[in-house]
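Residue-level structural notes
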Amino acid sequence: MNFPHKTVVHVPAHRALEHHPTPAQRRGSRRPRLEMTEAPRRGPQLALLGGFDLLVDGQIVALPMAAQRLLAFLALHERPLLRVYVAGSLWPETQERHAAGSLRSALFKLRHPAYALVELTSGHVELSQEMSVDVRDSIALCHRLLDHSPAFVPDEADELRLSTDVLPDWSDDWLVMEREHFRQLRLHALEALSERLTVLGRFPRAIESGIAAVAAEPLRESAHRALIKAHVAEGNRGEAARQYRFFRQVLHDELGVEPSAAMEDLVRGLRLATVG
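Residues numbered from 1 in each chain as written. Predicted model: local features only at pLDDT ≥ 70, side-chain atom pairs only at ≥ 80, totals over all residues. Heavy atoms only, no water.

Quick word on the overall build of the protein
The condition that has to hold: Strands are runs of DSSP state E lasting at least 2 residues, helices are runs of H or I lasting at least 4, and numbering of each runs from the N terminus. Each residue is assigned to one of three classes by its accessible area relative to the maximum for its type, calculated with a 1.4 Å probe on protein chains only: buried under 20%, partly exposed between the two thresholds, exposed over 50%. The contact criterion used throughout is that any non-hydrogen atoms of two residues lie within 4.5 Å. Per-residue and other accessible areas follow the Shrake-Rupley method at a 1.4 Å probe size, with only the shown protein chains counted as cover for residues.
Of the regular secondary structure elements, the protein holds 11 helices and eight strands. Buried positions account for 39% of the 276 residues belonging to the protein. Counted over contacts in the protein with a minimum sequence separation of 6, partners at least 24 positions apart contribute 65%. When the accessible surface of the protein is split by element, carbon and sulfur atoms take 53% of a total near 15800 Å².

Here it is as structure tokens:
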């Protein structure tokens, strides 16, 4: 789809550093001259995992809530969106004319002269291509973990991002399905990572990944199975048995059901004590 010429919404840049020669330098001193150069610019960074933060050149930028909601909405939709759709989604309880006015107001609050935050056409709006978004990076990480490539293992800093939900304190209706989509994706990725690390013999991280998956959803059997596999592979059969008993009790208390046949097959050789 072709869109009209875009305009951009920016944030301000810092003044360039100026170099003033010292008296020694002016006299032709042999001391090496200190070259003062402006630090390379870092594009805007939007964080939505665990909470909202916008960083420009490493500094947090304070925004009103309406502008935060607009940036978050655009960040979770990786395409140009009709302005009327954005306005209706963010302000669904107001008339179309008032919603459009609220959108214009939020866009105005994002107007600054140096960095692009939002790109606009006559009928569409989207997040600037200069903006990096932690959710998008984490989704890409999840897909790499789920492509069954055994050679790929993320570093621990990237792995930590899989333990956090998208804007967990926000209750907007438009966010519910986006948050759940990412939650399901990250849970599958954590389970895949735990099993991959178990195969590689990296048991501490395998167990940490399994625990993160279980903590995100205590009733999720596949997460418990990944964690139990890591304990068994490390030789900690007692830990595996304890984890199984915990899961069986939670499942019984919350849903009144028993673990699946797949779980029973996994723990059959552990000589586990029965529950209750």
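Side note on the pattern of salt bridges
Inclusion rule: Salt bridges are counted wherever a side-chain nitrogen of Lys or Arg sits within 4 Å of a carboxyl oxygen of Asp or Glu.
Counting across every chain of the model gives 13 salt bridges. Linking Arg183 and Glu180 is a salt bridge whose minimum nitrogen-to-oxygen distance equals 3.0 Å. Here Arg183 and its partner Glu180 are both found in helix H7 (residues 173-199), three residues apart, which amounts to about one turn of the helix. Classification of Glu180 as partly exposed rests on a relative accessible area of 29%. A salt bridge links Glu258 to Arg248, with the nearest nitrogen and oxygen atoms 3.0 Å apart. With Glu258 in the loop between helix H10 (237-255) and helix H11 (261-267) and Arg248 in helix H10, the pair connects residues that are 10 residues apart, well separated along the chain. On the basis of relative accessible area, Glu258 is assigned to the partly exposed category, the value being 44%. A single salt-bridge network, built from bridges that share partners, covers Glu180, Arg183 and Glu217.

So, the packing of helix H3 (residues 83-90) against helix H4 (residues 96-108)
The condition that has to hold: Only the contacting stretch of a helix is used when fitting its axis, a line to C-alpha atoms as for every element, and angles between N-to-C directions run 0 to 180 degrees. By definition in this entry, angles of less than 35 degrees are roughly parallel, angles greater than 145 are roughly antiparallel, angles of 65 to 115 are roughly perpendicular, and the rest are oblique. When residue character is reported, Ala, Val, Leu, Ile, Met, Phe, Trp, Tyr, Cys and Pro are called nonpolar, Asp, Glu, Lys and Arg charged, and the others, Gly included, polar.
Interaxial distance between H3 and H4 falls to 8 Å at its minimum, and their mutual angle equals 100°. The angle between H3 and H4 places the two elements in the roughly perpendicular class. Side by side, H3 and H4 meet where Arg83, Val84, Val86 and Ala87 of the first sit next to Glu96, Ala99, Ala100, Leu103 and Leu107 of the second. For the contact of H3 with H4, the class distribution of residues is seven nonpolar, no polar and two charged.

Focus: the sheet that holds strand S2 (residues 45-47)
Filter applied, for reference: Any two strands with at least two DSSP bridges between them are considered paired.
Spatial ordering of the open sheet is given by S4-S3-S2-S8, a layout of four strands whose pairing is mixed. Each edge of the open sheet is held by one strand with a lone partner, namely strand S4 (59-60) and strand S8 (132-133). Where S2 meets S8, two bridges bridge the pair, whose relative direction is parallel. Bridged to Leu46 within S8 is Val133.

Quick look at the confidence of the model for the protein
Condition: Think of pLDDT as the predictor's per-residue confidence, scored from 0 to 100.
When pLDDT is averaged along the protein, the result is 85; 82% of the residues meet or exceed 70. Segment residues 12-39 is flagged for pLDDT under 50; beyond a separation of four residues in sequence, or across chains, it makes 17 contacts in the model. Every residue in residues 272-276 scores below 50 in pLDDT, and together they form nine contacts with partners more than four places removed in sequence or on other chains.

Some points on the packing of aromatic side chains
Rules: Whether two aromatic rings pair depends on their centres lying within 6.5 Å, for rings of Phe, Tyr and Trp, where Trp uses its six-membered ring; planes under 30 degrees apart make the pair stacked, over 60 edge-to-face, and the rest tilted.
Overall, the coordinates contain three aromatic pairs when judged by the stated rule. Residues Phe73 and Tyr85 carry aromatic rings whose centres are separated by 5.9 Å and whose planes lie at 50° to one another, so their mutual orientation is tilted. In this pair, Phe73 sits in helix H2 (residues 65-75) while Tyr85 sits in helix H3, placing the two residues 12 residues apart along the sequence. An angle of 80° between the planes, with centres 5.2 Å apart, marks the rings of Phe73 and Trp174 as edge-to-face.

Digging into the side chain of Gln68
Mapped onto the secondary structure, Gln68 falls in helix H2. Gln68 has contacts with Phe52, Leu63 and Trp170, leaving out every residue within four places of it along the chain.

Points about a nonpolar patch on the surface
The following threshold applies: To count toward a patch, a residue needs a relative accessible area over 30% and no salt bridge; like charges are then connected within 9 Å, while nonpolar side chains (Val, Leu, Ile, Met, Phe, Trp, Tyr) are connected within 5 Å.
A cluster of nonpolar side chains, namely Leu82, Val84 and Tyr85, defines an oily patch on the protein surface of about 270 Å² accessible area. Look at Tyr85 and you get partly exposed, because its relative accessible area is 37%.

Digging into the pairing of strand S3 (residues 53-56)
Along S3, the buried face is formed by Leu54 and Val56; none of Asp53 and Leu55, which line the opposite face, is buried. Pairing geometry for S2 and S3, over three bridges, is antiparallel. Within S3, the residue paired with Gln45 across the bridge is Leu55. In this structure, the hairpin formed by S2 and S3 is closed by a connection of five residues, where Gly50 is found at a positive phi of approximately 85°. Note: S3 against S4, two bridges, orientation antiparallel. Along S4, the bridge assignment pairs Val56 with Gln59. Between S3 and S4, which pair antiparallel in sequence order, lie two residues; one of them, Asp57, sits at a positive phi of approximately 55°.

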